[in-house]
Amino acid sequence: MENFRLNYELVKKFIIEFIKEEVHSNGFNRCVVGLSGGLDSVLVAYLSKEALGKENVKAIIMPYKTSNPASKEDALATATHLGILYETIDITKIADAYFKKEKEMTNIRMGNFLARTRMSILFDKSREFKALVMGTSNKSELILGYSTWYGDMAASLYPIGDLYKTQIFEFAQFMQIPEKIIAKKPSADLWPGQTDEKELGAKYIQIDSILTLYVDQRKTKDEIIAMGYSQKIVESLLNRIKKNQFKRTLPPVAKFSPRTFGLDFLYPHDLGK
Amino acid sequence: MKVKIALAQINPLLGDIEKNREKHLEFIGKAIENNAQIIVFPELSITGYRLKDFAMEVALPADSNFFNPILKQSKKIDIAFGFVERGSDSNVYNSAMYIENQSIKSVYRKIYLPTHGMFQELRFMGRGEKVTTFKTKYGNFSMLICRDLFHPSLLFLTYAQKTDVVLGMSNMPLRGVTGEKPAIQETVEKAIDTYTNFFSQFIVFVNRVGFEDGLGFYGGSFVGTPLGKKLAFAGILQEKLTFATIDLEEIYKKRQLFPLAREEDLNIVQNNLSRILEENYGKF
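Our subject in this report is the structure included herewith. (Residues numbered from 1 in each chain as written. Chains lettered and ligands numbered in written order. Predicted model: local features only at pLDDT ≥ 70, side-chain atom pairs only at ≥ 80, totals over all residues. Heavy atoms only, no water.)

1. Things to note about a nonpolar patch on the surface
Residues and elements named next belong to chain A.
Part 1 of the reasoning: A cluster of nonpolar side chains, namely Tyr150, Leu250, Val253, Phe261 and Phe265, defines an oily patch on the protein surface of about 480 Å² accessible area.
Part 2 of the reasoning: Mapped onto the fold, Tyr150 is located in the loop between α6 (139-144) and α7 (165-174).
Part 3 of the reasoning: Looking at Tyr150, the relative accessible area reads 42%, which means it is partly exposed. (Patch = residues over 30% accessible without salt bridge, like charges linked within 9 Å, V, L, I, M, F, W, Y side chains within 5 Å. Areas by Shrake-Rupley, 256 points an atom, 1.4 Å probe, with all protein chains shown as cover. Salt bridge = Lys/Arg side-chain N within 4 Å of Asp/Glu carboxyl O. Helix = DSSP H or I, 4+ residues; strand = E, 2+ residues; numbered from the N terminus. Buried < 20%, exposed > 50% of the residue type's maximum accessible area, 1.4 Å probe, protein only.)

2. Re the packing of aromatic side chains
Working definition: an aromatic ring pair is given by the centre-to-centre distance plus the angle between the planes.
Part 1 of the reasoning: By the definition in use, this model includes 28 aromatic pairs over all chains.
Part 2 of the reasoning: Look at Phe4(A) and Tyr164(A): their rings are 5.6 Å apart centre to centre, the planes differ by 70°, and that puts the pair in the edge-to-face class. In this pair, Phe4(A) sits in the segment before α1 (8-25) while Tyr164(A) sits in the loop between α6 and α7, placing the two residues 160 residues apart along the sequence. Taken as a pair, Phe4(A) and Tyr164(A) share a single burial class, namely buried.
Part 3 of the reasoning: Between the aromatic rings of Phe156(B) and Tyr159(B), the centroid separation amounts to 5.9 Å while the plane-to-plane angle is 65°, which identifies the pairing as edge-to-face. (Phe/Tyr/Trp six-rings, centres within 6.5 Å; stacked < 30°, edge-to-face > 60°.)

3. Overview of the sheet that holds strand β8 (residues 165-170) of chain B
All names here are of chain B.
Part 1 of the reasoning: Spatially, the six strands line up as an open sheet ordered β6-β7-β8-β9-β12-β13, and their pairing is mixed. Each end of this open sheet is capped by a strand with a single partner; those strands are β6 (134-136) and β13 (230-231).
Part 2 of the reasoning: Strands β9 (202-207), β12 (222-224) and β13 of the sheet are contacted by helix α6 (residues 183-199), whose axis makes an angle of about 160° with β9. (Pairing = 2+ DSSP bridges. Contact = heavy atoms within 4.5 Å. Axes fitted to C-alpha atoms, helices over the stretch in contact; angles between N-to-C directions.)

4. Structural notes on the packing of α7(A) against helix α10 (residues 204-216) of chain A
Residues and elements named next belong to chain A.
Part 1 of the reasoning: Between α7 and α10, whose axes approach to 8 Å, the crossing angle comes to 120°. The angle between α7 and α10 places the two elements in the oblique class. Across from Lys165, Thr166 and Phe169 in α7, the residues of α10 making contact are Tyr204, Ile205 and Asp208.
Part 2 of the reasoning: In the contact of α7 with α10, the residues fall into three nonpolar, one polar and two charged. (Parallel < 35°, antiparallel > 145°, perpendicular 65-115°, else oblique. Nonpolar A, V, L, I, M, F, W, Y, C, P; charged D, E, K, R; others polar.)

5. Brief notes about the interface of chain A and chain B
Part 1 of the reasoning: Each partner contributes residues to the interface: chain A has 23 residues there, and chain B has 29 residues.
Part 2 of the reasoning: Of the roughly 2200 Å² buried at the junction of chain A and chain B (both faces included), carbon and sulfur atoms supply 60%.
Part 3 of the reasoning: For chain A, the biggest contributors to the area lost against chain B are Leu10(A), Phe14(A) and Leu266(A); these three give 27% of the whole.
Part 4 of the reasoning: For the interface between chain A and chain B, the tally reads one salt bridge.
Part 5 of the reasoning: Across the pair Asp53(B) and Arg259(A) runs a salt bridge whose closest N-O atoms are separated by 2.6 Å.
Part 6 of the reasoning: In this structure, the connection of chain A to chain B is made through 13 residue pairs in polar contact (both at pLDDT 80 or more).
Part 7 of the reasoning: The class makeup of the residues in the side of chain A that touches chain B is eleven nonpolar, three polar and nine charged. (Buried area = accessible area lost by both parts, 1.4 Å probe. Polar contact = N/O pair within 3.5 Å; in protein donor to acceptor, adjacent residues only side chain to side chain.)

6. Description of the pattern of salt bridges
Where charged atoms from two side chains of opposite charge come close, those side chains can pair.
All names here are of chain B.
Part 1 of the reasoning: Taken as a whole and assessed by the stated rule, the structure comprises 32 salt bridges over all chains.
Part 2 of the reasoning: The shortest N-O distance in the salt bridge between Lys230 and Asp193 comes to 3.5 Å. With Lys230 in strand β13 and Asp193 in helix α6, this residue pair connects regions lying 37 residues apart in the sequence.
Part 3 of the reasoning: Judged by its relative accessible area of 37%, Asp193 falls in the partly exposed class.

7. Description of the nonpolar core
Part 1 of the reasoning: Judged by nonpolar contacts, the single largest core of 94 residues is most densely connected at Ile177(A) and Leu167(B).
Part 2 of the reasoning: Apart from the residues lying within four places of it in its own chain, the contact partners of Leu167(B) are Val40(B), Ala80(B), Tyr98(B), Phe141(B), Ser142(B), Met143(B), Leu144(B) and Val204(B).
Part 3 of the reasoning: Ranked by size, the runner-up nonpolar core spans 39 residues in total, among them Ala31(B), Val58(B), Val84(B) and Ile99(B). (Core = buried A, V, L, I, M, F, W, Y, C linked by side-chain atoms within 4.5 Å.)

8. Some details on the packing of α1(A) against α7(A)
Residue and element names in this part refer to chain A.
Part 1 of the reasoning: Running from N to C, α1 and α7 cross one another at 90°; their axes reach a closest spacing of 10 Å. For the element pair α1 / α7, the angle class is roughly perpendicular. On the side of α1, the interface is formed by Tyr8, Glu9, Val11, Lys12 and Ile15, while α7 contributes Gln167, Glu170, Phe171 and Phe174.
Part 2 of the reasoning: A breakdown of the residues in the contact of α1 with α7 according to their chemical character gives five nonpolar, one polar and three charged.

9. Here we look at the environment of Gly15(B)
Part 1 of the reasoning: Tracing the backbone through its elements, the reader meets Gly15(B) in the loop between β1 (2-9) and α1 (17-33).
Part 2 of the reasoning: Considered as a pair, Gly15(B) and Phe54(B) are 39 residues apart in the sequence and their alpha carbons are 7.2 Å apart.
Part 3 of the reasoning: Setting aside anything within four residues of it in sequence, one finds Gly15(B) in contact with Leu271(A), Thr47(B), Leu51(B), Phe54(B) and Val58(B).

10. What to know about the environment of Gly145(A)
Residues and elements named next belong to chain A.
Part 1 of the reasoning: Examined against the element boundaries, Gly145 turns out to sit in the loop between α6 and α7.
Part 2 of the reasoning: Along the chain, Gly145 and Gln245 lie 100 residues apart, while their C-alpha atoms are 7.1 Å from each other.
Part 3 of the reasoning: Not counting residues up to four positions away in its chain, the partners in contact with Gly145 are Asn244, Lys247 and Arg248.

11. A few points about the pairing of strand β7 (residues 139-145) of chain B
Each regular strand carries side chains that alternate between the two faces of the sheet.
Residue and element names in this part refer to chain B.
Part 1 of the reasoning: Across the seven residues that make up β7, a large majority, seven, are buried.
Part 2 of the reasoning: The pairing of β6 with β7 spans three bridges and is antiparallel. Among the inter-strand pairings, Thr136 is bridged to a residue of β7, identified as Gly139.
Part 3 of the reasoning: Hairpin remark: β6 followed by β7, antiparallel, with two residues in the connecting loop.
Part 4 of the reasoning: With five bridges joining them, β7 and β8 adopt parallel strand pairing. Note on β8: the bridge partner recorded for Phe141 is Val165.
Part 5 of the reasoning: In this region the chain leaves β7, passes through helix α5 (residues 152-160) and returns to the parallel neighbour β8; the handedness of that crossover is right-handed. (Right-handed = clockwise from strand over helix to strand, strands pointing away.)

12. Comments concerning helix α12 (residues 231-243) of chain A
Residues and elements named next belong to chain A.
Part 1 of the reasoning: Taking 1.5 Å as the rise per residue, α12 with 13 residues should run 18 Å; its terminal C-alpha atoms sit 18 Å apart, in good agreement.
Part 2 of the reasoning: When we look at burial in α12, the residues that qualify are Ile233, Val234, Leu237, Leu238, Arg240 and Ile241. The buried residues of α12 occupy an angular sector of 150° when projected down its axis, which confines them to one face. Within α12, the exposed residues directed more than 90 degrees away from the buried face are Lys232, Lys242 and Lys243.
Part 3 of the reasoning: Against α6, α9 (196-200), α10 and α11 (221-226) lie the buried residues of α12. (Expected span 1.5 Å × (residues − 1). Arc of directions from axis to C-beta.)

Here it is in structure tokens:
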């Protein structure tokens, strides 16, 4: 397994400066965070509070009837502990009104719909609160595309998007997030019993080791397998990376004019900031 | 001779040259109040870094009237800053300008424009070709820009032209967060330690701060001296104006203690380089 240890004091300082500058330079003072009670969103709430102050951070807690009740409790406990603003919006009625009309809802369809319903509320609340939407995606998720496109991926910035989940566990300890939250099995909680490790087929330490070998150290598939990692898992993860590349880019434009968005009309994101 | 230098570790706005000019004037004002004789800004301090297609839209000739308010202040202080230069050859360059007493002393075009990984400079800007030394009231100066500092050959060229002070104007993004300091900062400090030691020069390293499209420029500006001192450390990730008083006498002391310059033979360098170029058809 690879070593993931970072200088978390420096990482914290860097991310806090990033949040401050991105939020302020876009003309905002505030942010909203979709707080599920899972570790990633809790960590983003902690960092946002440090960067912007508790009065400028609003957590939106959006449980569905099948959501793990412990998650909601952890979300509430986090908001109370940090002293940030929060609002709970149960999405059961909204989602069920749609599900009722659909005959054959699968877990994936329902999960995606819930993630996009939450996104829709979060962006509406950001308008109401005059705030930016914080992303809670981590590097493992972003590389694998293990998230809902235009759902939980939709955000104004990704403060923890360059941290592997394994680093999130360590960073969370440094940030003194309660052990109870760190110890929970990572889950998108889109249907009962769902966990990341069950769906991805391996423990995060294995997943992240394979990812960092491939992405950061540019090892080939064969080199990684030769190091003793399971061929099946390596292949499945590398397939996910390729298959989900579309989630990490903007949709292609059919180019015929001299300058086309995304191809050769290349203004930076932060122009004027 | 002693010279007080101000290091302006600023966070320019991306593509907003008017606001950035205001910030320059503000920092110049503070440096004058503190009796500094020279103020040095980072690479592309007038324009910001990650301009991409916008480079063309903020490019200005070095003698543009836009710079007049800055030029005016140079009656009281020498000023070095970075901008996108619109060349008379209709190309654009990542350039730095040194002004003294209302006249342009030197314009330097960045030679090594990184174009790999997160860097895309050659895609949007042209490449400079000339390393020069210019005389100021305070000795011989050269300017180098960011990636140039990782090419010892360019530092050698300033040394060969008797440069006393190199202004290293940078936009280095932070990367490597496993150690006590960012890995990039370690690399820069080691490099500057080595150059100042062997070339017995001063290097004024001014790096910007702030974020652009996720890249976070780390700052960490300082002055390295021939005797191995580090002055005016600005710290990381914050805008700051720091001051270093350098004593040019240090160069004389160092060159007597460690007389490498006396041993140097440019003919040997040139003969070998000519042979190597011939053997390799001019390619590295």
